[in-house]
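# Summary of structural features
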Amino acid sequence: MNEFVLQKQNEAATQHNSPKEVIRRLVWKICIATLILMAIGSATRVMNAGLACPDWPLCYGELVPAKQMNLQVFLEWFHRMDAALIGCSAIALLGLSWWHRRVLPNWLPWASAFALFLIVFQGVLGGLTVTELLRFDIVTAHLGTALLFLTTLLVIGTALSPYQVTGKVGKLPWVGLAASVFVYLQSLLGAVVGSRWALHQCFIGDQLCGVMYSHIFGLVPPSVATLAVVLISWRTPALHPALRKLANLAGGLLILQLVLGVATFQLHLQVEPLTVSHQAIGATLLGSLVVFTVLAVRDWFANRKIKIANG
């Protein structure tokens, strides 16, 4: 009996320390750090701290600008430190993926390389936001690349996670994919509104109102697509519990995001935590839909293979 227990414990320890499991845990940690990075980046923008460090990559010519440190400088400095940590983690991810590539899925090293490319490109855009004095198109591309990097990590982490297929997803993979794309595009519209301060300018002088209203009316496609994910999941019998929970989570995040958006609009962006939360919840909504879509696609492909094998 003792030998059996020890054998099970050894097998569990081996699986826990396998290259695939180590990489999977690293990917999820990078995902969390990326969400924090995006929240800090949003706080940096709404607190007018984007140029608190006038140079790049250092801040006032120092790694830690202790003499100039205040809230705005801290936000910009911490944003850069978190980005540097994520960059180092992405390098480690690529190194582990290529070193253990013989025992890992063939696509993983290439996906890790793409993730590293995105974070390097993101760093270049981060430097340009300072040197180009927060030019709105660069700021928008900065957020768009961050979301794409987060999406890539979520795809990798979800694809490496254990999942038992049920073959009951139907059209959910494609509905989830559509919802993910719509939410991503809506996030880019929100970035344009924020980087051009369209809401402020529209309220003050009726300028850039078209940009602001494009974001307001643009919420219809992602909202409808997300609600479709929720409703179809409810109506799909024998759906995997993980998919059902993710669909419910996406529905709850959508409602919260709409409430935050209305509150932010009504308060004219005067409450900074609301604005930061609005962007953070938007990124989390995108993440939940991406994870849902990847699991649903895995389910669909596995079921298709079974059908082909059975003739």
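Source: prediction; values computed, not measured.

The rules behind each value
Residue numbering note: each chain is counted from 1, following its sequence as written. Local features in this predicted model are restricted to residues whose pLDDT is 70 or higher, and side-chain atom pairs enter the listing and the counts only when it is 80 or higher, whereas totals over whole chains, interfaces and linings include all residues. Side-chain metrics rest on all non-hydrogen atoms present in the structure, leaving aside hydrogens and water. Grouping buried Ala, Val, Leu, Ile, Met, Phe, Trp, Tyr and Cys residues that are joined through side-chain atoms within 4.5 Å yields what is termed a nonpolar core. Each residue's exposure class comes from its accessible area (1.4 Å probe, protein chains only) as a fraction of the maximum for that residue type: buried when under 20%, exposed when over 50%, partly exposed otherwise. Each helix is a run of H or I in the DSSP string that is no shorter than four residues. Each strand is a run of E no shorter than two, and both are numbered from the N terminus. Here, residues are in contact when the closest pair of their heavy atoms is within 4.5 Å. In this description, the arc belongs to the directions extending from the helix axis to the C-beta atoms. Structural elements are reduced to axes, namely lines fitted to C-alpha atoms, with helices fitted over the stretch in contact, and the angle between N-to-C directions of any two is expressed from 0 to 180 degrees. The handedness criterion is simple: a crossing whose near helix is rotated anticlockwise from the far helix by less than a right angle is left-handed, and one whose near helix is rotated clockwise is right-handed. Three classes are used: nonpolar for Ala, Val, Leu, Ile, Met, Phe, Trp, Tyr, Cys and Pro, charged for Asp, Glu, Lys and Arg, and polar for all others, with Gly counted as polar. The pLDDT value tells you how sure the predictor is about a given residue, anywhere from 0 up to 100. The rule for a disulfide is simple: a pair of cysteine sulfur atoms within 2.5 Å. Only centres within 6.5 Å qualify two rings of Phe, Tyr or Trp (six-membered ring in Trp) as a pair; their planes then separate them into stacked at under 30 degrees, edge-to-face at over 60, and tilted for everything else. Charge-over-ring contacts are defined here by two conditions on Lys NZ or Arg CZ: a distance within 6 Å of the ring centre and an angle within 35 degrees of the ring normal. We count a salt bridge whenever a side-chain nitrogen from Lys or Arg sits within 4 Å of a carboxyl oxygen from Asp or Glu.

In this structure, Phe149, Leu153 and Leu243 are the most contacted members of the largest nonpolar core, which totals 57 residues. Mapped onto this core, the elements with two or more residues apiece are α2 (19–46), α3 (71–99), α4 (107–131), α5 (136–160), α6 (172–195), α9 (220–235), α10 (241–266) and α11 (272–309). A total of 12 residues in this core trace back to one element, the largest contributor, which is α11. Excluding its chain neighbours within four sequence positions, the residues that come into contact with Leu153 are Val27, Ile30, Cys31, Thr34, Leu93 and Ala115. Counting nine residues, the second-largest nonpolar core is a separate cluster that includes Ala43, Ala49, Val73 and Val276.

Turning our eyes to something else, we now look at helix α8 (residues 209–217). Along α8, the positions that sit buried rather than exposed are Cys209, Val211, Met212 and His215. Seen end-on, α8 carries its buried residues on one side only, within an arc spanning 165°. The exposed residues of α8 that point more than 90 degrees off its buried face are Gly210 and Phe217. Where α8 is buried, its residues touch α6, α7 (198–205), α10 and α11.

Before going further, it helps to spend a moment on the packing of α5 against α11. At a minimum axis distance of 9 Å, the contact between α5 and α11 shows a crossing angle of 35°. Relative to α11, α5 is oriented so that their crossing is right-handed. Residues Leu143, Leu147, Leu150, Thr151, Leu154, Val155, Thr158 and Ala159 of α5 lie in contact with α11, whose contacting residues are Gln279, Ala283, Leu286, Gly287, Val290, Val291, Val294, Leu295 and Arg298. Among the residues making up the contact of α5 with α11, the classes are represented as 12 nonpolar, four polar and one charged.

Once that is clear, we can look at unusual backbone geometry. Each neighbour pair has its own omega, and for Trp56 with Pro57 the value is 5°, a cis peptide bond. The residue Pro57 is located in the loop between α2 and α3 in this model. Phi is positive for Tyr60, close to 55°, though the residue is something other than glycine. The class of Tyr60 is partly exposed, set by a relative accessible area of 37%. At Ala238, a position not held by glycine, the phi torsion is positive, near 60°.

Moving on, we come to the confidence of the model for the chain. Taken as a whole, the chain shows an average pLDDT of 88; of its residues, 94% reach a score of 70 or greater. At the level of individual helices and strands, the chain shows its lowest average pLDDT in helix α1 (residues 2–16), which scores 48, and its highest in α9, which scores 96. Counted against residues more than four places away or in other chains, residues 8–14, with its pLDDT under 50, gives zero contacts.

Before going further, it helps to examine the state of the cysteines. Across all of its chains, the model carries one disulfide by this definition. Residue pairing for Cys53: its cysteine sulfur links by disulfide to Cys59, the two sulfurs lying 1.9 Å apart. Looking along the S-S bond of the Cys53-Cys59 disulfide, the torsion reads about -75°, which is the left-handed sense. In this structure Cys31 is a free cysteine whose sulfur lies 17 Å from that of Cys88, the closest cysteine sulfur available. Owing to a relative accessible area of 54%, Cys88 belongs among the exposed residues under this scheme.

Under the counting rule described, the total for this entry stands at eight aromatic pairs. On the numbers, 5.3 Å between centres and 75° between planes, the contact of Trp98 with Trp110 is edge-to-face. Of this pair, Trp98 sits in helix α3 while Trp110 sits in helix α4, and the two are 12 residues apart along the sequence. A relative accessible area of 60% places Trp110 in the exposed class. Here the aromatic rings of Trp300 and Phe301 are separated by 5.0 Å at their centres, their planes lie at 85°, and the arrangement is edge-to-face. Given the relative accessible area of 42%, Phe301 is considered partly exposed. Three or more aromatic residues link up through ring pairs in this structure, and these residues are Phe74, Trp77 and Phe78. The residue whose ring lies beneath Arg196 is Phe136, and the NZ or CZ to ring-centre distance is 4.5 Å.

Here the focus is the pattern of salt bridges. Taken as a whole and assessed by the stated rule, the structure comprises five salt bridges. For the salt bridge of Glu21 with Arg24, the shortest nitrogen-to-oxygen distance reads 2.7 Å. Residue Glu21 and its partner Arg24 are both found in helix α2; the two are separated by three residues, about one turn of the helix. Since its relative accessible area comes to 18%, Arg24 is described here as buried. When the shortest N-O distance is used, the salt bridge between Arg135 and Asp137 registers 2.9 Å. The exposure class assigned to Asp137 is partly exposed, which follows from its relative accessible area of 34%. Each of the salt bridges in this network shares a partner with another, and the network as a whole consists of Glu21, Arg24 and Arg25.

Tracing the chain through its elements places Ala283 in helix α11. Residue Ala283 is classed as buried on the basis of its relative accessible area of 5%. In this structure the C-alpha to C-alpha distance between Ala283 and Leu150, which are 133 residues apart in sequence, comes to 8.7 Å. Those residues in contact with Ala283, other than ones at most four positions away along the chain, are Leu35, Met38, Leu147 and Leu150.

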